[in-house]
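# Structural description and commentary
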Amino acid sequence: MNIRIGQGFDVHAFGDGDHVMLGGVRVPHERGIVAHSDGDVVIHALCDAMLGALALGDIGQHFPPSDPQWKDADSRAFLRHCQTLIGERGWQLGNADITVICERPKVGPHAAAMRQLLAGDLGLAEDAVSIKATTTEKLGFTGRGEGIAAMAVCLLVRA
Ligand SMILES: Nc1ccn([C@@H]2O[C@H](COP(=O)(O)O)[C@@H](O)[C@H]2O)c(=O)n1
Ligand SMILES: C[C@@]1(CO)OP(=O)(O)OP(=O)(O)OC[C@H]1O
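The paragraphs below set out a description of the structure included in this document. (Residues numbered from 1 in each chain as written. Chains lettered and ligands numbered in written order. Predicted model: local features only at pLDDT ≥ 70, side-chain atom pairs only at ≥ 80, totals over all residues. Heavy atoms only, no water.)

### Quick notes on helix α3 (residues 76–88)
Three or four residues apart is the spacing at which side chains of an α-helix point the same way, because the helix has 3.6 residues per turn. Here α3 spans 18 Å end to end across 13 residues, near enough to the 18 Å set by a 1.5 Å rise per residue. Within the span of α3, buried status applies to Phe78, Leu79, Cys82, Leu85 and Ile86. With its buried residues spanning 120° around the axis, α3 presents them on a single face. In the segment just after α3, Gly90 is the residue with positive phi, at about 80°. (Helix = DSSP H or I, 4+ residues; strand = E, 2+ residues; numbered from the N terminus. Expected span 1.5 Å × (residues − 1). Buried < 20%, exposed > 50% of the residue type's maximum accessible area, 1.4 Å probe, protein only. Arc of directions from axis to C-beta.)

What follows is the structure in C-alpha cells.
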C-alpha cells in the first residue's frame, strides 16, 4: 500500500493562566492549560495521528510525562520528531485535518495562523493543513468549560 491513515485525539483541562497554546499559536484566554508540556492539544492530536499512521505507539511513549525533559516543552519539538520518523521510513505527510472542541476560546480567528505555522513546520502547503472548530453545544466537559479537546486525521503517502 502506498498510503497510510492515522488518527489522534487529545484532551487537557483548563487551569490557571492567561493563554492556551493551539497549533503553536499563543491564544489569549482567561484560563490556562494543565499539562506536563505546553499542553497544545492540536499538536498532540496531530502527533498521535502521525504516529498512528506509522503504528509507532503514541506521544506518551515517545515523550513520557514522567520525563522532566518535557516539562513545559514546546510541542512543536514533538511535531518535528514525528515528521522525522515519517521521513526515515520513506513516507511523507500528505495532508492533515484537525478539529478543536471547546466553547471558548474562539478558534476561528486564529485558524489561519495555526495553519501557516503547522504547514511551515511540516513542509506542507497551507491548503494541506485544515483547522476546524466546534462547540459541544454546552454539553459535557467541553460544554462546561472544564477543558479542551482536539481530533486529528492525517494521510501519509510514499515519498
Ligand atoms: N471554539 C470554537 C467553537 C466554534 N467555533 C466556530 O463556530 C462555529 C459554530 O460552532 P457550533 O459548535 O455552534 O457548531 C464552528 O463551525 C466554528 O466555525 C470556533 O471558532 N471556535
Ligand atoms: C506531551 C506529554 C509530554 O510529556 O505530556 P502532556 O503535556 O501532559 O500532554 P499529553 O497529551 O498528556 O501527552 C503526553 C506526553 O507525551
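### With respect to the pattern of salt bridges
Inspection of the entire model under this criterion finds seven salt bridges. We note a salt bridge from Asp18 to Arg26, for which the minimum N-O separation is 3.7 Å. What makes Asp18 partly exposed here is its relative accessible area of 48%. We classify Arg26 as exposed; its relative accessible area is 53%. Notably, a salt bridge pairs Asp72 with Lys71, separated by 3.3 Å at the nearest N-O pair. (Salt bridge = Lys/Arg side-chain N within 4 Å of Asp/Glu carboxyl O.)

### Observations concerning the side chain of Asp38
Mapped onto the secondary structure, Asp38 falls in the loop between β4 (32–34) and α1 (41–54). One buried charged residue, Asp38, forms no salt bridge at all, with the nearest opposite charge on Arg76 at 8.2 Å. What Asp38 contacts, discounting residues up to four positions off in sequence, is Met21, His44, Asp72, Ala73, Asp74 and Ser75. (Lys, Arg positive; Asp, Glu negative; His and termini not counted. Contact = heavy atoms within 4.5 Å.)

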